[in-house]
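Per-entry structural report
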Amino acid sequence: MAKRLEAARAARPMKFLGALQSVRDVLAEHPEAYVVNEGANALDLTRNIVGMRVPRHRLDSGTWGVMGIGMGYAIAAAVETGAPVVAIEGDSAFGFSGMELETIARYRLPVTTVVLNNGGVYRGDDPSAGGDPAPTYLSARHDLMIEAFGGTGYRAATPGETAAALRTAIGAGAPALVDCVIDPSDGTESGRIGHLNPKGLAGAR
């Protein structure tokens, strides 16, 4: 793991592990912060990289993953505690409840959302299949989304930019979003069960 982390720090474009090391380092400066975490790769890798220093300060889906709970959890944690909240989201998980940014902005909650954006579901490096757009691909600017509601958006393409943006956002104590541009080829299907999918008529011939 140490070798993987070291390689990820220097990798360009940025990898999940490079971004998450920066998130981990900044959160170490803020042990009072609540961490919300959801996604596939984003969920699994954050659990491995970002440790917690205070009990009951990590909120995620538990044993069996569900997507869409993260932003609601972030709102509840901010309202109930008044402490800073960092919601670490995969880009596809964020798509389930990203409009909760409007609620966060309306109530000026101290929530910083970090979107690990590799441009798709699991991976974003397959923009077309047979000439049609792949249903798993989407290149989005999540930082512009929060700006539409009056929050502050950041776009980060390196671990250093990720750390700087997150540090500034937490310090401001206001609605913010850091859109981390991750290598589209970085991502693995959870459970690695894609080989069980039916091949279809075309593949059976």
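Let me begin by describing the structure that accompanies this report. Position numbers for residues start from 1 in each chain and track the written sequence from start to end. Under the rules for a predicted model, residues below a pLDDT of 70 receive no local features and side-chain atom pairs below 80 are neither given nor counted, while totals for whole chains, interfaces and linings still include all residues. Remark: hydrogens and water are excluded; side-chain values derive from all non-hydrogen atoms of the structure.

Focus on the pairing of strand β3 (residues 85-90)
Summary of the burial criterion: residues with accessible area below 20% of their type's maximum are buried, those above 50% are exposed, and those between are partly exposed, where the area comes from a 1.4 Å probe applied to protein chains only. The numbering of helices and of strands both runs from the N terminus, where a helix is a DSSP run of H or I of at least 4 residues and a strand a run of E of at least 2. Of all six residues in β3, six are buried, a share of seventy percent or more. Covered by surrounding structure in β3 are V85, A87 and E89 together with V86, I88 and G90, the residues of both alternating faces. The criterion for strand pairing is that DSSP finds at least two bridges linking the strands in question. Relative to β3, strand β1 (residues 34-38) runs parallel, the two sharing five bridges. Residue pairing across strands places Y34 opposite V85, the latter belonging to β3.

Comments concerning empty space enclosed by the protein
With a 1 Å grid spanning the protein atoms alone, the term cavity applies to any set of points in which a 1.4 Å probe fits but cannot get out, the term pocket to an open set with protein on both sides within 12 Å along at least five of seven lines, and the term lining residue to any residue with an atom within 4 Å of a point. Grid points are joined across faces, edges and corners, and a volume is the space filled by probe spheres set on the points. Going through the model one piece at a time under the given rule, you end up with one cavity of 30 Å³ or more. One number sums up the size of the largest cavity: a volume of about 80 Å³. Surrounding the largest cavity, F16, A40, N41, A42, G90, D91, S92, L116, N118, G120, V121 and Y122 form its lining. Mapped onto the lining of the largest cavity, the elements with two or more residues apiece are α3 (41-49) and α5 (91-97). In the lining of the largest cavity, the residues fall into six nonpolar, five polar and one charged. Only Asp, Glu, Lys and Arg are considered charged, only Ala, Val, Leu, Ile, Met, Phe, Trp, Tyr, Cys and Pro nonpolar, and every remaining residue, Gly among them, polar.

Things to note about the environment of I75
Structurally, the position occupied by I75 is in helix α4 (residues 70-81). Between the alpha carbons of I75 and T103 there is a distance of 8.0 Å; along the sequence they are 28 residues apart. Any two residues having at least one pair of non-hydrogen atoms within 4.5 Å are treated as being in contact. If we ignore the near neighbours within four places in the chain, the residues touching I75 are E100, T103, I104 and L109.

Topic: the pattern of salt bridges
Take a side-chain nitrogen of Lys or Arg and a carboxyl oxygen of Asp or Glu: if they are within 4 Å of each other, that pair is a salt bridge. One pass over the structure, following the stated rule, counts eight salt bridges. In this structure, R106 and E102 form a salt bridge, with 2.6 Å as the shortest nitrogen-oxygen distance. One end of the pair, R106, and the other, E102, are both in helix α6 (residues 101-106), four residues apart, so they sit about a helical turn from each other. The partly exposed category is assigned to E102, whose relative accessible area is 28%. Put simply, R9, R24 and D25 are held in one network by salt bridges that share partners.

Some points on the packing of helix α2 (residues 16-27) against helix α8 (residues 159-172)
Running from N to C, α2 and α8 point in directions that differ by 35°, and their axes come no closer than 8 Å. Considering only the axes of α2 and α8, their crossing is right-handed. Within the contact between the two elements, α2 uses G18, A19, S22, V23, V26 and L27 and α8 uses P159, G160, T162, A163, L166, R167 and I170. Residues of the contact of α2 with α8, tallied by class, amount to eight nonpolar, four polar and one charged. Every angle, taken between N-to-C directions, lies between 0 and 180 degrees, and every axis is a line fitted to C-alpha atoms, over only the stretch in contact when it is a helix. The crossing is said to be left-handed when, going from far helix to near helix, the turn is anticlockwise and less than a right angle, and right-handed when the turn is clockwise.

What to know about the layout of surface pockets
In this structure, the second largest pocket spans a volume of roughly 190 Å³. Along its surface, the second largest pocket is lined by 13 residues, and D91, S92, G95, G120 and L138 are the ones closest to its centre. The element best represented in the lining of the second largest pocket is α5, accounting for four residues. Here the residues of the lining of the second largest pocket are counted per class, giving six nonpolar, six polar and one charged.

Observations regarding the pairing of strand β7 (residues 152-156)
Bridge count between β7 and strand β8 (residues 176-181): five bridges; the pairing is parallel. Residue R155 lies in a different strand from β8, and its bridge partner there is D179. A crossover links β7 with its parallel partner β8, the connecting element being α8, and its sense is right-handed. Looking down the strands as they point away from you, a crossover is right-handed if its path from the first strand over the helix to the second goes clockwise.

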